[in-house]
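# Overview (structure and organization)
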Amino acid sequence: MNILVIGNGGREHSICWAISQNPKCENIYCAPGSDGISEVAESINIDISNITLIIEFCKKKCVDLVVIGPEGPLEKGLSDQLSSANIQTFGPSRNASKLESSKVFAKKVCKSFNGLTARYEEFDNIESAKKFLNSTTYPIVIKRDGLASGKGVTIVENEKKAIKTLNSIFKPDSKKEKILIEEHLTGEEVSLFIISDGVDCLSLGSAQDHKRLLDNDEGPNTGGMGAYSPAPVLTKEIEEKAILDIVKPTINEMEKRGTPFKGILYAGLMICDGLPYLIEYNVRFGDPECQVLMMRLGGQILDVILDCLNGNLKNSRVNWANDHALTVVITSKGYPNEYNRGSVIPNLSKIKEHTNLKIFHAGTKKRSGLYYSNGGRVLNVTTRGENLKEVQRLAYRAVSKINWEDGFYRQDIGDKGIKN
Ligand code: AMP
Ligand code: GLY
């Protein structure tokens with residue numbers, strides 16, 4: 001098969017790496033890809049917002065399957081457009097992507113079957129939101145409705161911060177905004193990944209993300225500083241309950257509405273007193289959670305995607321090894337605020353990758369045989385092994401060998417899982 005992956009980050013690097021291990025894959029392309037991704041797939045430097053160019057490319061190269069990585073193109077309807085051009089595409093439709101692109105929509109779907117989620121109120125103007133504050137107890141969570149690259153959620157501890165947050169959202173000259181004000185849940189967060197063909201569901205495993213910049217979950221939110229899989233906090237029983245009480249009813253509700261969900265459903269869950277609460281849905285693999293899932297799934301990912309597209313998910317299986325995977329994200333110093341690009345990572349080429357150690361590139365550029373930083377999140381040092389302790393040791397050994405002086409990373413990825 002000829003396969004095109006859409007995206008350019010560490011997530012897409014890991015997807016290309018995993019798919020290319022499946023013997024069914026003859027040629028793999030990635031648009032726009034990156035220099036790092038070019039080590040496993042041919043990067044195609046085209047503007048992915050230009051549907052005509054993507055279709056032209058698919059026809060020219062006889063592409064049999066397109067896999068869409070990020071949420072942006074899904075929200076814009078890339079999956080619908082490619083399917084209309086008779087190009088087999090893996091990724092939910094624009095309407096089904098609303099589970100991620102509108103938090104209000106996701107809440108309403110969850111409410112339709114009384115799924116466990118934080119209590120909430122919806123507002124479209126600052127006056128009524130402020131009025132609501134008079135009757136609330138803190139902390140509360142204020143969420144913008146639309147996609148916000150991880151910057152749309154603020155946890156506020158008092159009224160002063162709540163008003164400041166509302167003022168920054170409802171600016172006098174800004175477009176119409178919708179927000180949710182939610183009850184603050186305490187517990188342990190975990191990500192559950194489900195593949196669905198619109199009717200059936202199959203679990204692709206769990207992962208624990210590390211969203212905060214600093215050790216012990218301190219500092220500002222980021223896109224994700226590391227992950228490990230599986231996440232021990234999601235026991236078999238809790239996972240089954242989450243699928244039965246939240247995920248399956250969501251899939252049923254989407255079908256009932258005439259907008260079946262076909263793709264990867266990423267449920268962000270909070271485990272409170274042994275029960276899974278839905279925090280949010282995403283409609284694609286998480287980044288960097290995908291990197292640890294791909295490390296464990298390898299070439300099988302292509303088989304489950306094909307089963308899903310062929311309506312055969314019911315009979316599909318994942319053969320899990322008794323393994324663990326972990327990834328440490330190395331960022332540019334300064335991320336998630338301002339940072340410099342173009343710093344050389346001199347020791348990167350000295351790292352010997354093998355089946356249990358892969359370095360996925362999130363933001364690099366190659367010049368004269370050397371990699372330079374080219375983004376906030378730069379590298380994902382990803383390992384696989386028999387237990388969490390081993391994969392943590394292996395990953396940090398590689399990170400310290402890279403010893404990149406303009407880089408930053410958390411030192412505690414995996415600690416929580418080892419304690420559990
Ligand atoms: P989201 O973009 O909805 O995943 O929110 C980003 C982060 O905010 C989540 O990963 C949680 O850490 C936190 N968060 C969101 N909603 C809640 C909630 N209701 N209670 C506690 N924390 C929350
Ligand atoms: N790592 C969080 C996300 O991909 O949304």
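In this report, the structure presented in the accompanying data block is examined. Quick caveat: nothing in here was measured; it's all calculated off a predicted structure. (Residues numbered from 1 in each chain as written. Chains lettered and ligands numbered in written order. Predicted model: local features only at pLDDT ≥ 70, side-chain atom pairs only at ≥ 80, totals over all residues. Heavy atoms only, no water.)

### What about the pairing of strand 9 (residues 179–183)?
Within strand 9, 4 of the 5 residues are buried, which leaves the element mostly enclosed by the surrounding structure. Looking at chain direction, strand 6 (residues 120–123) and strand 9 are connected through 4 bridges and run antiparallel. Paired with Tyr-120 across the two strands is Glu-182, which belongs to strand 9. In this sheet, strand 9 lies alongside strand 7 (residues 140–144) in antiparallel orientation, the contact comprising 5 bridges. Within the sheet, the bridge partner assigned to Lys-143 lies in strand 9 and is Leu-180. (Buried < 20%, exposed > 50% of the residue type's maximum accessible area, 1.4 Å probe, protein only. Helix = DSSP H or I, 4+ residues; strand = E, 2+ residues; numbered from the N terminus. Pairing = 2+ DSSP bridges.)

### Overview of the packing of aromatic side chains
Here the structure, examined in full by the defined rule, presents 6 aromatic pairs. The interplanar angle of 65 degrees and the centroid separation of 5.6 Å between the aromatic rings of Trp-17 and Phe-360 together place this pair among those described as edge-to-face. Pair noted here: Trp-17 is in helix 1 (residues 10–19) and Phe-360 is in strand 18 (residues 357–361), with a separation of 343 residues, a long-range link. You'll find Trp-17 and Phe-360 in the same group, each marked buried. An angle of 55 degrees between the planes, with centres 4.7 Å apart, marks the rings of Phe-193 and Tyr-266 as tilted. Linking Phe-193 in strand 10 (residues 188–197) with Tyr-266 in strand 15 (residues 262–272), this pair joins segments that are 73 residues apart in sequence. Aromatic ring contacts, followed pair by pair, group Phe-193, Tyr-266 and Phe-285 into a single cluster. Its guanidinium or amino end placed over the ring of Tyr-372, Arg-367 lies 4.1 Å from that ring's centre, counting from NZ or CZ. (Phe/Tyr/Trp six-rings, centres within 6.5 Å; stacked < 30°, edge-to-face > 60°. Lys NZ or Arg CZ within 6 Å of the ring centre and 35° of its normal.)

### Thoughts on the pairing of strand 19 (residues 364–367)
Consecutive residues of a regular strand have side chains that alternate between opposite faces of the sheet. Of the pairings in the sheet, the one linking strand 19 to strand 20 (residues 370–373) comprises 4 bridges and is antiparallel in character. Bridging across to strand 20, Thr-364 finds its partner in Ser-373. Following strand 19, the chain reverses through 2 residues before pairing antiparallel with strand 20; Ser-368 in that reversal takes a positive phi of roughly 45 degrees.

### Here we look at unusual backbone geometry
A cis geometry characterises the amide bond from Asp-287 onward to Pro-288, with omega recorded as 20 degrees. Position of Pro-288 among the secondary structure elements: in the loop between strand 16 (275–282) and helix 10 (289–297). Between Tyr-335 and Pro-336 the backbone carries a cis peptide bond, its omega angle lying at 10 degrees. In this structure, Ser-368 is a non-glycine residue whose phi angle is positive, near 45 degrees. Structurally, Ser-368 can be placed in the loop between strand 19 and strand 20. By relative accessible area, which is 79% here, Ser-368 ends up exposed. One non-glycine residue, Asn-403, adopts positive backbone phi at about 45 degrees. If you trace the backbone, Asn-403 turns up in the loop between helix 12 (388–402) and strand 22 (407–408). In this structure Asn-403 comes out as exposed when scored by relative accessible area, which is 57%.

### What to know about the pattern of salt bridges
Per the counting criterion, the structure on display carries 22 salt bridges. Among the salt bridges present, the one from Glu-183 reaches Arg-119, with a minimum N-O distance of 3.3 Å. In this pair, Glu-183 is assigned in strand 9 and Arg-119 in the loop between helix 6 (103–112) and strand 6, connecting sequence segments 64 residues apart. A residue is classified by how much of its surface remains accessible, and Arg-119, at 63% relative accessible area, is exposed. Close ionic contact of Glu-280 with Lys-211 constitutes a salt bridge, the shortest N to O distance being 3.9 Å. (Salt bridge = Lys/Arg side-chain N within 4 Å of Asp/Glu carboxyl O.)

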